Every structure is written in C-alpha cells, then in structure tokens.
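Observations on the three-dimensional arrangement
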Amino acid sequence: MARDILVLGGGGQVGTELQRQSWGEGVVIHAPTRAALDITDEAAVARAVAERPWSAVINTAAYTAVDKAESDVAAAWRLNALSAAYLAAETAKAGIPLIHVSTDYVFDGTGTGAYATDAPVHPVSVYGASKAAGEMAVRTGNPRHAVVRTAWVVSPHRANFVKTMLRLAAERDTLTVVADQRGCPTSAGDLAEVLVAIALRFAEDPAAPAGTYHCVNAGATTWYDFAVAIMAGAAARGARSVPVAPIPSSAFKTPVTRPANSELSTGTLTAAFGLTPRPWQAALDDILDQLIGPAAKHA
C-alpha cells in the first residue's frame, strides 16, 4: 500500500535525515521548501493538508535562533506556536496523525536528574515559551499526535555544535567551552529513525499511543566534555585537534540563559514504541566518520 508522508522543515538537520531514511516499500516522502509552503500561512497549511490523504505529517520546522527570538518574539511565536495550531487543526479535520518535534527548552533546567515527559514545563525564554505553546496546540488540536522532545541535536548537516568545534579547532590553538550545562547529545539521524518508526506506527495503527515522548541519545555529558570527545574523535581520524578549557556559563554572556540541566528521560518512548536510543558516543563516531572519515585502525 502506497503511503505519502508530509515532512515540514525538510531543510533542517532532522528534516534532511528524514529524507535519507529507509522508509520501506511504497512510502513516498514529500518535503516542500519553505518557499513552496509557508506553514505560518493558515490557508497554505489547509491547502497542503488537503492535497492528498497523508498517512502522517511530521513537523520538524521551528524558529531555533534561541537568542534572536528574545527580540524577534512575533516571528518565533508564529513559527513555533501558531503554525503548530494550524497543522493540528487541519490534520485533525482529515484524521491525519501529526508528529511534532519539540525541545528541552520547555523546562527551566533547574531540576535534578533526567526530566520525565510529565514533568511540569517552565520555559524561561521566548524560544522555550513558544515551543511549549506549540506543544499545547498539538495536544489539544489533534488527538492523533506525538510530541517528541529532543535536545542538543548534531549531524553532518547545517550548523551545529560538532561542526562548530571542528571549524574552530581549525582556526584556533585552544577552545573554551562551558562546563556547567549538562544534557544529552542527539544525532539527527537517530532522531529521524525514531520519527520514522512513530510515523509508520501511527499510519498503520489507529490505536497508536498518542502522547509526549523524549528522544535523545543515551547518556549525559557537559558541553565541555562533549567538546573533548569531539577533539579526541578528530585526532583519531587524523584531523586537527586542540586542547579544550572549561569555563562557567557566567563567562559566556548570551541574551538567554541556557538550561543548566537538559537531561531527558526516554523511558516512555521505550515503553510505548519499544525504541531505546543508543549511546551518544556511538552516534558521535558515526557523524565524525561522515565529516572526516573513519578512525585509524590500530593493530
């Protein structure tokens, strides 16, 4: 049976990986560009959803410029909240499941341990608040939904922490990275695999479990230790590697205070879908293999 899947945000890290996944026979992925489909336009969303009997819609589109959002409030809310409301309403009318990607920034980062999916949200930035509102729009607007929160997304594509560290290592003799923010690095490819599994489950099973899920690679680390691991991986592949020095967040001023704790628990994802993400170290190795090449083999 042929299945058409609509992917929004196809030019981003996760959207790019969704188009590289093995979806199975008969599945066709449609990923219109932002120019072709503006999801902040309610009429355009209605037309796109009505275009064909979609088996699922996956929304990875987001306003993710966290600092810029503080002064670009309306644009952040239009893309992160209002467009989610449009998508939820139109997909619900047609009985189409909606898979919506969200973020750890819905939490304030002051909690201890890994955040459960039912932990109270308390965003402390425009970005986080707009994403929390988008989640609510999806939950209340379409009963056939999965809100999938993620964090610290990296890949061989677009701008992200891994690519930034490699670029800076090529330009500088040392790197300074904050050491008091903790979270779970997440491969965009691994997240895409999970989104594929969830979307196909919803497409095939009218009783698929709606709800909120967390998808991050297993294990937690700090940005500093993540950078050290990236440098070690670069060195193992013959690329330039430089020392990394830890600094406190207070030494790196930004308009938005980043969450001190971004750890997310993936327990409900495993319970509902049988999916358990692999350790972030293995995911990082795969990304570095794609960016640099395989590590040297030692006898």
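Residues numbered from 1 in each chain as written. Predicted model: local features only at pLDDT ≥ 70, side-chain atom pairs only at ≥ 80, totals over all residues. Heavy atoms only, no water.

1. Describing empty space enclosed by the protein
To be explicit about the condition: Lining residues are defined by having an atom within 4 Å of a point belonging to a cavity or pocket. Those points lie on a 1 Å grid over the protein atoms alone, cavities being sets where a 1.4 Å probe fits but cannot get out and pockets being open sets with protein on both sides within 12 Å along at least five of seven lines. Grid points are joined across faces, edges and corners, and a volume is the space filled by probe spheres set on the points. To qualify as a helix, a DSSP run of H or I must reach at least 4 residues; to qualify as a strand, a run of E must reach at least 2; elements of each kind are numbered from the N terminus. Classification used: nonpolar for Ala, Val, Leu, Ile, Met, Phe, Trp, Tyr, Cys and Pro, charged for Asp, Glu, Lys and Arg, polar for all others including Gly.
Considering all chains together, one arrives at 1 cavity of 30 Å³ or more under this definition. Of the pockets and cavities examined, the largest cavity occupies roughly 40 Å³. Lining the largest cavity, in full, are V154, P185, T186, S187, N217, F226, W280, A283 and L284. Mapped onto the lining of the largest cavity, the elements with two or more residues apiece are strand 9 (186-187) and helix 10 (280-291). Of the residues forming the lining of the largest cavity, the biggest block, 3 residues, is contributed by helix 10. Here the lining of the largest cavity is built from residues that sort into 6 nonpolar, 3 polar and no charged.

2. A closer look at the UniProt feature "domain: RmlD-like substrate binding" (unreviewed entry) in the chain
Going by this rule: UniProt positions are given in the numbering used here, feature names are shortened, and annotations may be inferred rather than shown by experiment.
Per the UniProt record, "domain: RmlD-like substrate binding" (unreviewed entry) is annotated on residues 4-291. Helix makes up 42% of residues 4-291 and strand 16%, with an end-to-end C-alpha separation of 31 Å.

3. Digging into unusual backbone geometry
Cut-off, in case you're wondering: Between buried and exposed lies partly exposed: a residue is buried under 20% and exposed over 50% of the maximum accessible area for its type, with that area taken using a 1.4 Å probe on protein chains only.
At W152, a residue that is not glycine, the phi angle is positive and equals roughly 50°. Looking at the element boundaries, W152 is found in the loop between strand 5 (145-150) and strand 6 (153-154). On the basis of relative accessible area, W152 is assigned to the buried category, the value being 10%. You will see that R158, though not glycine, has its phi angle at about 55°, which is positive. Tracing the backbone through its elements, the reader meets R158 in the loop between strand 6 and helix 6 (161-171).

4. What about the packing of helix 8 (residues 223-236) against helix 10?
Put simply, the rule is: What counts as an axis is a line fitted to C-alpha atoms, over the stretch in contact for a helix, and the angles between N-to-C directions run from 0 to 180 degrees. For classification purposes, angles smaller than 35 degrees are called roughly parallel, those larger than 145 roughly antiparallel, those between 65 and 115 roughly perpendicular, and all remaining angles oblique. The handedness criterion is simple: a crossing whose near helix is rotated anticlockwise from the far helix by less than a right angle is left-handed, and one whose near helix is rotated clockwise is right-handed. Pairs of residues are marked as contacts when any of their non-hydrogen atoms sit within 4.5 Å.
As a packed pair, helix 8 and helix 10 sit with axes 10 Å apart at the nearest point and diverge in direction by 45°. With respect to each other, helix 8 and helix 10 are oriented oblique. The interaxial crossing formed by helix 8 with helix 10 has right-handed handedness. Along the contact surface, helix 8 presents F226, A229, I230, G233 and A234, while helix 10 presents W280, L284 and L288. Across the contact of helix 8 with helix 10, the residue classes break down as 7 nonpolar, 1 polar and no charged.

5. Considerations on the nonpolar core
Using the following cut-off: The criterion is simple. A nonpolar core is a set of buried Ala, Val, Leu, Ile, Met, Phe, Trp, Tyr and Cys residues joined through side-chain atoms within 4.5 Å.
Counting 34 residues, the largest nonpolar core has F161, V162, M165, V177, F226, I230 and M231 as its most contacted members. Breaking this core down by element, the ones donating at least two residues are helix 6, strand 7 (175-178), helix 8, strand 12 (244-247) and helix 10.

6. Considering the packing of aromatic side chains
Filter applied, for reference: Two rings from Phe, Tyr or Trp (for Trp, the six-membered ring) form a pair when their centres sit within 6.5 Å of each other. Planes less than 30 degrees apart are called stacked, planes more than 60 degrees apart edge-to-face, and all others tilted.
Applying the stated criterion across every chain, the model contains 8 aromatic pairs. Ring plane angle 50° and centroid distance 4.6 Å describe the contact between F161 and W223, whose orientation is recorded as tilted. Placement of F161 in helix 6 and of W223 in helix 8 is noted, with a sequence separation of 62 residues between them. Overall, W223 belongs to the buried group, its relative accessible area being 16%.

7. Looking at the layout of surface pockets
The space that makes up the second largest pocket amounts to roughly 180 Å³. The wall of the second largest pocket is formed by 14 residues, among which E17, S187, G189, D190 and Q290 lie closest to the centre. Among the elements of the structure, helix 1 (13-20), helix 7 (188-204) and helix 10 are those that each provide at least two residues to the lining of the second largest pocket. Counting residues per element, the lining of the second largest pocket draws most heavily on helix 10, which supplies 4 residues. Each residue belonging to the lining of the second largest pocket can be placed in one class, and the counts come to 3 nonpolar, 5 polar and 6 charged.

8. Overview of the packing of helix 6 against helix 10
Relative orientation of the contacting elements helix 6 and helix 10 amounts to 50°, with a least axis distance of 11 Å. Here helix 6 lies oblique to helix 10, going by the angle between them. Remark: the crossing between helix 6 and helix 10 carries right-handed chirality. Residues V162, K163 and L166 of helix 6 touch helix 10, and the partners they reach there are L284, I287, L288 and L291. Split by residue class, the contact of helix 6 with helix 10 holds 6 nonpolar, no polar and 1 charged.

9. Considering the environment of D289
As a reminder, the rule being used: The term polar contact refers here to a pair of N or O atoms within 3.5 Å; inside protein, the definition further demands a hydrogen-donor-capable atom paired with an acceptor-capable atom, and it admits residues adjacent in sequence only when both atoms are side-chain atoms.
With respect to the helices, strands and loops of the structure, D289 is situated in helix 10. Overall, the relative accessible area of 31% leaves D289 in the partly exposed class. D289 sits 56 residues away from G233 along the chain, and the two C-alpha atoms are 9.1 Å apart. Excluding its chain neighbours within four sequence positions, the residues that come into contact with D289 are R237, P294 and A295. Of the polar contacts made by the side chain of D289, one reaches the side chain of R237; its length is 2.9 Å.

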